[in-house]
Amino acid sequence: MIRLNAKDFPSLTFSPDDPVLAMVLDQESQRFVVGVQAAYIEPSIELIGVRVELCAWSNLTLMAEVENQGHATVDQLPSELSDICEFEMQPNGSIRVAGFLRQAYGWCEMTFQNPKMAVEYCHENS
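Analysis parameters
Residues numbered from 1 in each chain as written. Predicted model: local features only at pLDDT ≥ 70, side-chain atom pairs only at ≥ 80, totals over all residues. Heavy atoms only, no water. Helix = DSSP H or I, 4+ residues; strand = E, 2+ residues; numbered from the N terminus. Buried < 20%, exposed > 50% of the residue type's maximum accessible area, 1.4 Å probe, protein only. Core = buried A, V, L, I, M, F, W, Y, C linked by side-chain atoms within 4.5 Å. Contact = heavy atoms within 4.5 Å. Salt bridge = Lys/Arg side-chain N within 4 Å of Asp/Glu carboxyl O. Pairing = 2+ DSSP bridges.

Draft legend 1. How the structure looks around the overall build of the chain. Along the chain, the regular secondary structure elements total 0 helices and 12 strands. In sequence order, the chain lays out its α and β elements as β-β-β-β-β-β-β-β-β-β-β-β. If you line up the chain on its principal axes, its C-alpha atoms span 45 × 30 × 25 Å. Expressed as a percentage of the 126 residues in the chain, the buried residues total 44%.

Draft legend 2. Molecular detail of the nonpolar core. If you look at the biggest cluster of nonpolar residues, it comprises 34 residues, and the most contacted ones within it are L12, I84 and M110. Elements that contribute at least two residues to this core include exactly β3 (20–26), β4 (31–41), β5 (45–55), β6 (59–66), β9 (94–100), β10 (107–113) and β11 (116–121). Every residue in contact with M110, bar those within four places of it in the chain, is listed here: L25, F32, L60, T61, L62, L77, L81, I95, R96 and V97.

Draft legend 3. Up close: the pattern of salt bridges. As enumerated under the stated definition, the model contains 9 salt bridges in all. Its salt-bridge partner being D8, residue K7 comes within 3.5 Å of it at the nearest N-O pair. Classification of K7 as exposed rests on a relative accessible area of 62%. One salt bridge in this structure joins R96 and E109, with 3.2 Å as the shortest N-O distance. Linking R96 in strand β9 with E109 in strand β10, this pair joins segments that are 13 residues apart in sequence. In this structure, R96 and E109 share a single accessibility class: buried.

Draft legend 4. Up close: the pairing of β11. Summarising burial for β11: 5 of the 6 residues are buried, a large majority. Pairing of strand β1 (residues 2–3) with β11, which is carried by 2 bridges, proceeds in the antiparallel orientation. The residue bridging R3 from the neighbouring strand is E120, located in β11. Pairing geometry for β5 and β11, over 5 bridges, is antiparallel. For L54, the partnering residue across the bridge sits in β11 and is M117.

Next up, the structure:
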């Protein structure tokens, strides 16, 4: 795996057309790992076989569509992500990841406060 330089993190984007292959959210050990078919840096560089890890966050907020309640704060996600539609690194140090859930067929948002981040990939197409 090739490690992405941290200077490229702010330009990292995902397409809902590239599915999430695997996901682990372990709140107790403060570890979120997601494997995605592809991601992009700048408009023209595609990274293939991407693994994103966020850990050691100071706070985590989970929002999900809950039956009969609409969009609500939850303690745990009902299922893993099927895709990443939105990925935002915010000026206050938080990272927001949002997309559709695989089995629950709803929308979820995860906001990590001040996480450590690592991104690895297999190869790039430019």
